[in-house]
Amino acid sequence: MGNRGMEDLIPLVNRLQDALSTVGQSCSLHLPQIAVVGGQSAGKSSVLENFVGRDFLPRGSGIVTRRPLILQLLSANTEYGEFLHCKGKQFTDFDEIRMEIETETRRLTGSNKAISPVPINLRIYSPHVLNLTLVDLPGITKVPVGDQPADIEYQIRDMIMQYICKENCLILAVTPANTDLANSDALKLAKDVDPQGQRTIGVITKLDLMDEGTDAREILENRLLPLRRGYIGVVNRSQKDIDGKKDIMAALQAEEKFFLSHPAYKHIAERMGTPYLQRTLNQQLTNHIRDTLPVFRSHLQSQLLALNKEAEEYKHYSPDDPARRTKTLLQSVQRLAADFEKFIEGSGDKVDTINLSGGARINRIFHERFPYELVKVETDERKMRREINYAIRNIHGVRTGLFTPDMAFEAIVKKQISSLKGPCIKCIDMVSQELITTVYQCINKLGSFPKLRDETERIVTTEIREQEIKCREQILMLIDIQLAYINTNHEDFIGFTNSQQVYNQSTKKTATGMTGNQVIRKGWLTINNIGIMKGGAKEYWFILSAETLSWYKDDEEKEKKYMLPLDNLKLRDVEKSFMSSKFVFAIFNTELRNVYKDYKCLELACNSQEELDSWKASLLRAGVYPEKVTEDGQGSGSPDSLTDPQLERQVETIRNLVDSYMSIIYKTIRDLMPKTIMHLMINSVKEFISSELLAQLYALGECSALMDESPEQQQHRVEVLRKHAALKEALAVIGEISTSTCTTPLPPPVDSSWIKASSPSVPKNSVIGGKALTRGHAPPVPRVSHTGPKAAPDGLQQLSGQQNRVPASVPRRHPPAIPNVK
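Here's a quick rundown of the structure. Since the model is a prediction, treat every value here as computed from it, not as a measurement.

### Structural notes on the state of the cysteines
- Counted by the stated rule, this structure contains 0 disulfides.
- Lacking any disulfide linkage, Cys 169 is separated from the closest cysteine sulfur, that of Cys 165, by 8.6 Å.
- The class of Cys 169 is buried, set by a relative accessible area of 1%.

### Quick look at the packing of aromatic side chains
- Inspection of the entire model under this criterion finds 14 aromatic pairs.
- Note on Tyr 80 and Tyr 125: the rings are 4.8 Å apart at their centroids and 20° apart in plane angle, and the pair reads as stacked. Placement of the pair is Tyr 80 in strand β3 (residues 80-83) and Tyr 125 in strand β4 (residues 120-126), with a sequence separation of 45 residues. We note that Tyr 80, like Tyr 125, is buried.
- Ring plane angle 40° and centroid distance 5.7 Å describe the contact between Phe 409 and Phe 493, whose orientation is recorded as tilted. Taken together, the positions of Phe 409 in helix α13 (residues 406-418) and Phe 493 in the loop between α15 (450-484) and α16 (495-499) put the pair 84 residues apart, joining distant regions of the chain.
- Its guanidinium or amino end placed over the ring of Tyr 163, Lys 166 lies 5.3 Å from that ring's centre, counting from NZ or CZ.
- Of note, Arg 572 hangs over the ring of Phe 588, and the distance from its end group to the ring centre comes to 4.2 Å.

### Let's talk about the environment of Asn 394
- Assignment of secondary structure puts Asn 394 in helix α12 (residues 381-396).
- With relative accessibility at 64%, the residue Asn 394 sits in the exposed group.
- Sequence-wise, Asn 394 and Ala 408 are 14 residues apart; in three dimensions their C-alpha atoms are separated by 9.0 Å.

### A closer look at empty space enclosed by the protein
- All told, the structure shown has 6 cavities of 30 Å³ or more when counted by the stated rule.
- Lining the largest cavity are Leu 57, Pro 58, Val 64, Thr 65, Arg 66, Arg 67, Pro 68, Leu 69, Ile 101, Thr 105, Ile 120 and Asp 136.
- Considering only residue class, the lining of the largest cavity consists of 7 nonpolar, 2 polar and 3 charged.

### What to know about helix α10 (residues 322-345)
- Here α10 contains 24 residues, and its C-alpha end-to-end distance of 35 Å stays within 8% of the 34 Å for a straight helix at 1.5 Å per residue.
- Taken residue by residue, α10 has Arg 325, Thr 328, Leu 329, Ser 332, Val 333, Leu 336, Ala 337, Asp 339, Phe 340 and Ile 344 as its buried positions.
- Directly after α10, the chain includes Gly 346, whose backbone phi takes a positive value near 90°.

### Observations regarding the side chain of Glu 255
- Within the secondary structure layout, Glu 255 lies in helix α8 (residues 248-261).
- No salt bridge is formed by the buried Glu 255; its nearest oppositely charged neighbour, Arg 279, is found at 9.8 Å.
- Of note is the side chain of Glu 255, whose polar atom sits 3.0 Å from the backbone nitrogen of Thr 274.
- Not counting residues within four places of it along the chain, the set of residues in contact with Glu 255 comprises Val 234, Val 235, Gly 273, Thr 274 and Pro 275.

### Looking at the environment of Arg 107
- Its location among the elements puts Arg 107 in helix α3 (residues 94-109).
- Here Arg 107 falls in the exposed class, since its relative accessible area comes to 55%.
- A polar contact of 2.6 Å, which involves the side chain of Arg 107, links it to the side chain of Glu 104.

### A look at the sheet that holds β3
- Pairing within the open sheet is mixed, and its 8 strands lie in the order β3-β4-β2-β5-β1-β6-β7-β8. Bordering the open sheet on either side are β3 and β8 (231-233), each of which pairs with just one other strand. Ignoring which end each strand starts from, the neighbouring axes of this sheet average 25° apart.
- Along the sheet, helix α5 (residues 185-193) makes contact with β1 (33-38), β6 (169-176), β7 (200-205) and β8, crossing β6 at roughly 155°.

### Description of the pattern of salt bridges
- According to the stated counting rule, one finds 28 salt bridges in the structure shown.
- In this structure, Glu 387 and Lys 415 form a salt bridge, with 2.9 Å as the shortest nitrogen-oxygen distance. Separated by 28 residues along the polypeptide, Glu 387 in helix α12 and Lys 415 in helix α13 bring together distant segments of the chain.
- Using a relative accessible area of 17% as the deciding quantity, one classes Glu 387 as buried.
- With its nearest N and O atoms 3.0 Å apart, the salt bridge here joins Asp 671 to Lys 675. Of this pair, Asp 671 and Lys 675 both sit in helix α19 (residues 645-699), 4 residues apart, roughly one helical turn.

### A word on the packing of α13 against α15
- Where α13 meets α15, the axes come as close as 10 Å, and the angle between the chain directions of the two elements is 175°. As summarised for this structure, α13 and α15 are arranged roughly antiparallel, according to the angle between their axes. Residues Lys 414, Ile 417 and Ser 418 of α13 touch α15, and the partners they reach there are Ile 479, Gln 482 and Leu 483.

Definitions and cut-offs
Residues numbered from 1 in each chain as written. Predicted model: local features only at pLDDT ≥ 70, side-chain atom pairs only at ≥ 80, totals over all residues. Heavy atoms only, no water. Disulfide = S-S within 2.5 Å. Buried < 20%, exposed > 50% of the residue type's maximum accessible area, 1.4 Å probe, protein only. Phe/Tyr/Trp six-rings, centres within 6.5 Å; stacked < 30°, edge-to-face > 60°. Helix = DSSP H or I, 4+ residues; strand = E, 2+ residues; numbered from the N terminus. Lys NZ or Arg CZ within 6 Å of the ring centre and 35° of its normal. 1 Å grid on protein atoms, 1.4 Å probe; cavity = no way out; pocket = protein on both sides within 12 Å on 5 of 7 lines; lining within 4 Å. Points joined across faces, edges and corners; volume = space filled by probe spheres on them. Nonpolar A, V, L, I, M, F, W, Y, C, P; charged D, E, K, R; others polar. Expected span 1.5 Å × (residues − 1). Lys, Arg positive; Asp, Glu negative; His and termini not counted. Salt bridge = Lys/Arg side-chain N within 4 Å of Asp/Glu carboxyl O. Polar contact = N/O pair within 3.5 Å; in protein donor to acceptor, adjacent residues only side chain to side chain. Contact = heavy atoms within 4.5 Å. Pairing = 2+ DSSP bridges. Axes fitted to C-alpha atoms, helices over the stretch in contact; angles between N-to-C directions. Parallel < 35°, antiparallel > 145°, perpendicular 65-115°, else oblique.

The following block contains the structure:
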């Protein structure tokens, strides 16, 4: 065979295919093989039958090969065939092999000439074959026949591409000699994926059917239309010979006689014919396997390494062992407690860089959502003054009061404090929901044990609800405590003495702790309410500071578009439109002035609810408060407008006192809410999961049933172990081979521009760089010798030019539209 040191390489690949067939495509490994490509009736099946020396492939008109046939030829003393889908059954009658191929093809494709990419695996043992692995693919067709789909051509091309685009696949391009070689579909496809010609071998069939006076001598000498690996001519049996059951051995003798006697071919007869093609393919496939073996071994090792830990864990796993079940239960609960704590407290490992989760979302509720909800409940200024007016007058009754009544102050303050219950309860609900979401994320890892997951979810969720009730009661009690005693002696309270002075709490920078024009937030926002005629909605880079809101063309902050002062600005919610995925809010001027150009309000849109809440909280820090919606809708002309100067002073005094006292309450509530929730809910749930959950699971009295595996987990464990064993076996098989070999060097490149690739190419007579393209003669096809020089010790050296292989690009053709048949 000319490769004695490594003649076991092809059986090695066949053993690898067997070892890896149990794990299917999950290994993502492309084993070296030869794909036979050609048009319909090009003689592909006859070439394969000549290799075997038997009639075993389906015959007929039109498309006969409708599923890929992976044919493994193995040299042996006895002759029989085996199918992978009929393991253990040996076919000694080759007519039965043909019938089994036809039956298996119809099983998937039916009888309507349709095709399927699912391969049929056939292994043939025979003393008349050399070790080869070939893939017989459906013939390339142009026109659908019968009830074939309209895009049958593209289906076949895509199927062929799936095989030949792999770097580990040699391409046997079969073309009949009685057609124009320059229009060969097989060579066009090969050119698409192998532009350097390193994997393509040309085969010319039907040389005996050429018109009288013509021959293919220049083609076979690789001079007319050159290929890097050249061409090999073969003569197959005619249809008359097949119908007459002509013996293949006699046909091979007739083929040899044809080449020896033909005047155009007798000088190259030793490099023509089926036996020479078989030896050449054996040599090339063996060399190809040798060259790809190191990368193949590395691929196997990387996959094995990724599976080692999981496989070792499953290898000694006994699902019915009570001790094992108890240990797994304990480990699962401990892992759940650790994961929950990492989600809440934060962790440096496996950080989510896409979304906020766990503790980060709760922190946002504490310091962005909750303060915003508090501000939303603040009473409108006009409404506040009217309530103080009514309170003072109702307390005085029929008398005219000389002094400001403190009872009016207490009444207004208590009403304000009571209104804080809503935002506090809402904050607790949001934190509770985030805790439940975090628990779900952690419990999902228990999916291998459905009963354990369901019971854990029920127990922990119940505990969160119980702690939520306790926390709600505690927060309501805190508000009731504030209502129970109005401490007018608080050190931060201005008192009645100072209330006569103008207490200007509208100095937002002092109240929010801002100094100078400090930058509060930067980010992308879309101005949503600009008309199409003026450019439409557009995204800008916004910078919010303590005094202004500016936006730029982009985040380089070089081209400023506008700067908007924050004075007299307020915030308004905008309903999300049905067709839009954006979240929108609006900014407007309380004095009804234009905010931006001729727009009364500026609608700003962001991509998520979290981003919207964050911008609202940032605007709140800058002193841009939400709009207050009055219930009565009265304008400035109220019938109860103040006319008594003394009453006016009393209302102003009470108003300043309420502002001063409520700022103390707001500060206290903002401080106590996170602490109370953290103590009563979050820390309690953490402690429960780490110390009480296991005890409650044991208390159910059915620990053994809790650890029943799901069918999916059982299947996963079996697949991991099977894949691990297959990879180990494959590596062991590779480790057994001898690496001493002789090799045939890759021929030098030739000008193959005559092949019109499917992608746009240079015309035949075009000029590039001022020089016309000329086709040079290629060297003759290298002869395959039975002996060769001694190889390098490692035996795994790369072929010349192998490392510079251009990666194949597979053009995708769009199928034609299927016509409507009425």
